[in-house]
Structure formats: structure tokens, C-alpha cells
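Spelled out from the first residue to the last, the chains are:
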Amino acid sequence: MNIPFKKANILLPKKADMTKWAVIACDQYTSEPKYWKEVENIVGDAPSTLKITLPEIYLEQENVSDRIKKINEEMDRLLNSSFFETLNNSLIYLERTCADGKIRKGIVGMVDLEDYSYEKGSQTLIRATEGTVLERIPPRVKVRENAKLELPHVMLLIDDNKKKIIEGLTDKMTTNDVVYDFDLMQNGGHIKGYKISDDLANEVFAGLEELANKDNFETKYNVKDKGVLLFSVGDGNHSLATAKACYENLKKVLPKEEYENHPARYALVEIVNLHSEALEFEPIHRVVFQVEPEKLISEFEKYYEVSRTPGEGQKIEYVYKDKRETIYIKNPKSNLAVGSLQIFIDEYIKNNGGKVDYIHGDDVTIELGKQPENIGFLLPRMDKNDLFKTVILDGALPRKTFSMGHSYDKRYYLEARKIK
């Protein structure tokens, strides 16, 4: 079987202060300008992925087109100054020591976007785990469409309960294989990467082929006539969707033999095992801004039949001003509390105005929720073992259902790849 995960020409800085080079994924800390100001202060004049990516906190600012122009100019400058070394036709095995000391293991390579779809109900080998917000794609396309480089924060999950494919590499790496080894800024922990030998890469591909075998798949999930799901998008769904949109746009203007062999057909990603002890699913909370909290809760109680008695439905906690209370939805519109809440919030904002943001961490949600004209919603966590089966049977989960770990444990931009 043709596996959609492949070796890539991976670019790494030849000489750089790597702690300043690597920066957290752009979709983090979107309501915390202070965080990004601190990153700017740490980076200073040094080469950094901060200067060739666009933190989403700035995505809707008026000067965004100037920022994108500067990003493309900085990419050109780095490429023209021989800043990078290329690991040709390679995979990287990495170990990320998170803030709590747990080690998350992964493999960086590229995936074929022909085998990925974010459409609801798709049967492709690579699928979105959550609803893709189509309006979020065009602004991100503007960042990527003229860029010469991509830097991944996409993490794809495999369901390898035997822990053979990625974890099996741990004892087979040597100090000669190390390609980076440094501390990450802003509580990001430590990261160490190794170039994978051809023999070990072949073992990885063989393991993935076993997971993608139709008979094995149907037995494992007790399903019939469902497309094989090999990779679930754990993080960076909208980034991968943007890469797909840019590739589909190229297909409209290039002859088939050109787009089929174009570097933009592929996207650099990290694959991680769902069963890693270091991979914890955290809920993604909601804060609604520019609303009257009392009115919103009153409308919520008209929209759903709710109870204040524990266990009588889907649990949702909310906080505003000096209040912190819990309600239970008795007639939900989604299988998950997060889905039922999101349906209401979307409807409420459409009719009454306001703005929602998706927040990682209880403390930040509570702090923001207590501010004037805000309300925070705290959601329960999802069991990660339900992920693949749910996506196979029900399609994508409601958007922003879960987050893999805390904000500071997210993927940092580090490796790059040419897409032009």
C-alpha cells in the first residue's frame, strides 16, 4: 500500500541560537499580547521562526499584509544567505521533554495532501478530527500562498497501541544521529532530534503499512466498509487545511504533470502516537467577549432544558464577575458538551453580537471570564481513547473540542521545508 507519509528535504539552521530560533505554534496565546511581546524581547535581532511565521493574534490587524510581506522577505534573505543546511530525503525522530518532565516522541516527515481531506464525512487516510472553520482558511492562505518555506506545527496522531512504530526507535538512536538538542523558550521544556537511518525509516513505513491494512483496520475498530483512517489531525488542523487549499489552487492553474510533482503537494508534519503517556487531552475552554453575561445565561436557559442538579445531563461550568456556577444540559444537540455549547454560542453571537475565543487553561479562562462584558465557559476533558473510533463512526468532532497538552507544550516551529 502507498503510505501518505514520506521522507522530506528538511531544512535546519546551520548556526543559530536555537532557543531564539524555535517559537511556539502561531495559534497559541491568541488573547495574550504580553506573551508575544516577551517572545519579541527574547528574540531581539537574532534569526527566529517568529520572523517567518505569523502569530494569529496579529492575523486580523490592519497591517497584516505588511507583516506577510516582511515574512516573505525574511524567508528570501535566509535562503539567499545559505542560513540552512538540508537533510536530504530524511525523517527526524524527536524527543520533546515537556514542562512536567514527560517525554513526547515523534517523527517529522511530509504527508501527501492528495490523501487528506477536511470535508465532513471524508474517508481519506488523513482526516480532520474536528470541524474545520472554512472562514479561517482564506486569511491563512494569504500567509502561505507566496511563502517559499513552510514550518510545521501540525501534529498527526497514529493509533499504535503496541507502541512499536515511534517508541521502537528510542533505543536505536546514537549520538552521531543528533541534529538538534536545546532548551525551548517560555517554559517549553527541551527538544532533541535525530536523523533516522534508511533501515529504521523502512521499519517505520512497514509499521504504518500494518496500521493501514484494511483487514487489520476493520478488525481493530469492528467496522465494515469504512475508509481506513491512518492519521487523525491532533494539532494544526487549520494549518494543514490551508496547505491543502493552496495546493488545490495550484491544481487550477498548473498542468497535471507539474502540480503532481510540485513541492506544495506535500506538507511537513510531526506524527505522534495517541498512546504516548506524554500526550494528554486537555479541554479547550471558551470566553465570550463584548456581551451581557446575565442575558447570555438567561438565553442559554431558554435555548436548552437545563438543570442545576449534578449528573442530569452534559456538564458546563461558567464564570463571570464574581459568579462561578455549573449547569447541566438535559436535551443536548451534540454528543459532547463542547458541541452543544458551541451550537448555542454561534447562534447567540449571530443574533446578539459578541466574539468568542478558544482558551487553553482553567486559570486564563477564569481570569478573562471575570473581566467586564466577558463570560468564561469551562468544559470537561475528552477521553483520548475515544478519538479514532469517534472520527471513524461520526466524522469530525465539534471544532476546538480538545487540545493536546498545555499551551507551552505545543509544537514549536523548528524544521522548515521549501514549498516553491
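Before reading on, note that the structure itself is shown above.
Residues numbered from 1 in each chain as written. Predicted model: local features only at pLDDT ≥ 70, side-chain atom pairs only at ≥ 80, totals over all residues. Heavy atoms only, no water.

> Help me understand the pattern of salt bridges, please; the structure alone is not making it clear to me.
It is possible for side chains bearing opposite charge to pair when their charged atoms get close. Following the criterion strictly, the structure yields 33 salt bridges and no others. A salt bridge links arginine 265 to aspartate 112, with the nearest nitrogen and oxygen atoms 2.8 Å apart. Here the residue arginine 265 occupies a position in the loop between α8 (256-260) and β14 (266-273), and aspartate 112 occupies one in strand β6 (residues 103-112), the gap between them amounting to 153 residues. On the basis of relative accessibility, which here comes to 4%, the residue aspartate 112 falls in the buried class. The salt bridge involving glutamate 299 is made with lysine 302; its shortest N-O contact spans 3.3 Å. Linking glutamate 299 with lysine 302, this pair stays in helix α9 (residues 293-303), spanning three residues, or about one helical turn. (Salt bridge = Lys/Arg side-chain N within 4 Å of Asp/Glu carboxyl O. Helix = DSSP H or I, 4+ residues; strand = E, 2+ residues; numbered from the N terminus. Buried < 20%, exposed > 50% of the residue type's maximum accessible area, 1.4 Å probe, protein only.)

> Even after reading the chapter, I still don't get the packing of α9 against helix α10 (residues 337-352), so can you show me in this structure?
Between two packed helices, both the angle of their axes relative to each other and the distance between the axes serve to describe the pair. Closest axis-to-axis distance for the α9/α10 pair is 11 Å, and the angle between their directions is 120 degrees. Judged by the inter-axis angle, α9 sits oblique to α10. α10 is crossed by α9, and the crossing has right-handed handedness. Counting all contacts with α9, which are made through Lys295, Leu296, Glu299, Phe300 and Tyr303, the residues of α10 involved are Leu341, Ile343, Phe344, Glu347, Tyr348 and Asn352. Taken together, the residues of the contact of α9 with α10 break down into seven nonpolar, one polar and three charged. (Axes fitted to C-alpha atoms, helices over the stretch in contact; angles between N-to-C directions. Parallel < 35°, antiparallel > 145°, perpendicular 65-115°, else oblique. Left-handed = near helix turned anticlockwise from the far one by under 90°. Contact = heavy atoms within 4.5 Å. Nonpolar A, V, L, I, M, F, W, Y, C, P; charged D, E, K, R; others polar.)

> For this particular structure, what's the right way to read the side chain of threonine 401?
Mapping threonine 401 onto the fold places it in the loop between α12 (387-394) and β21 (402-404). Side-chain polar atoms of threonine 401 contact the backbone oxygen of proline 398, separated by 2.3 Å. What threonine 401 contacts, discounting residues up to four positions off in sequence, is Glu130, Pro283, Ile284, Leu336, Val338 and Met382. (Polar contact = N/O pair within 3.5 Å; in protein donor to acceptor, adjacent residues only side chain to side chain.)

> I keep staring at the packing of aromatic side chains and nothing clicks. Help me out?
Aromatic ring pairs are defined here through the distance separating the ring centres and the angle between the ring planes. Summed over all chains, the structure comprises 20 aromatic pairs. A ring pair is formed by tyrosine 318 and tyrosine 320, whose centres lie 6.1 Å apart and whose planes are at 10 degrees; its orientation type is stacked. Overall, tyrosine 320 belongs to the buried group, its relative accessible area being 5%. These aromatic residues form a ring-pair network of at least three members: Phe300, Tyr303, Tyr304, Phe344 and Tyr348. The side chain of arginine 67 reaches across the aromatic face of tyrosine 58, ending 3.8 Å from its centre. Its guanidinium or amino end placed over the ring of phenylalanine 289, lysine 355 lies 5.8 Å from that ring's centre, counting from NZ or CZ. (Phe/Tyr/Trp six-rings, centres within 6.5 Å; stacked < 30°, edge-to-face > 60°. Lys NZ or Arg CZ within 6 Å of the ring centre and 35° of its normal.)

> Would you take a moment to explain the nonpolar core for this structure?
A general tendency of soluble globular proteins is for nonpolar side chains to be buried together. Membership of the largest hydrophobic core comes to 62 residues, with the highest contact counts inside it found for Phe5, Leu156, Leu208, Leu240 and Leu387. Sorting elements by how many residues they give to this core places helix α5 (residues 198-212) first, with seven residues. Here leucine 156 is in contact with Val111, Ile126, Phe231, Ser232, Val233, Gly234, Leu240, Val269, Glu270, Ile271 and Val272, once residues within four sequence places are set aside. Judged by nonpolar contacts, the second largest core, of 49 residues, contains Cys26, Leu59, Tyr412 and Leu414. (Core = buried A, V, L, I, M, F, W, Y, C linked by side-chain atoms within 4.5 Å.)

> What should I look at first to understand the layout of surface pockets in this one?
Any space left empty among the atoms is revealed by the rolling of a water-sized probe across them. Taken as a whole, the largest pocket spans an internal volume of roughly 1300 Å³. Around the largest pocket, the lining comprises 48 residues; the ones closest to its centre are Thr30, Arg136, Val356, Asp357 and Tyr358. Of all the secondary structure elements, the ones that give two or more residues to the lining of the largest pocket are α3 (64-80), α4 (137-144), β15 (281-289), α10, β19 (355-360) and α11 (362-369). By residue number, the principal contributor to the lining of the largest pocket is β19, which donates six residues. When its residues are assigned to classes, the lining of the largest pocket shows 19 nonpolar, 13 polar and 16 charged. Approximately 420 Å³ is the volume attributed to the second largest pocket. Taken together, 19 residues make up the lining of the second largest pocket; nearest its centre are Lys120, Gly131, Ala396, Leu397 and Pro398. Counting only elements with at least two residues in the lining of the second largest pocket, the list comes to α10 and α12. Grouping the amino acids of the lining of the second largest pocket by side-chain chemistry returns eight nonpolar, six polar and five charged. (1 Å grid on protein atoms, 1.4 Å probe; cavity = no way out; pocket = protein on both sides within 12 Å on 5 of 7 lines; lining within 4 Å. Points joined across faces, edges and corners; volume = space filled by probe spheres on them.)

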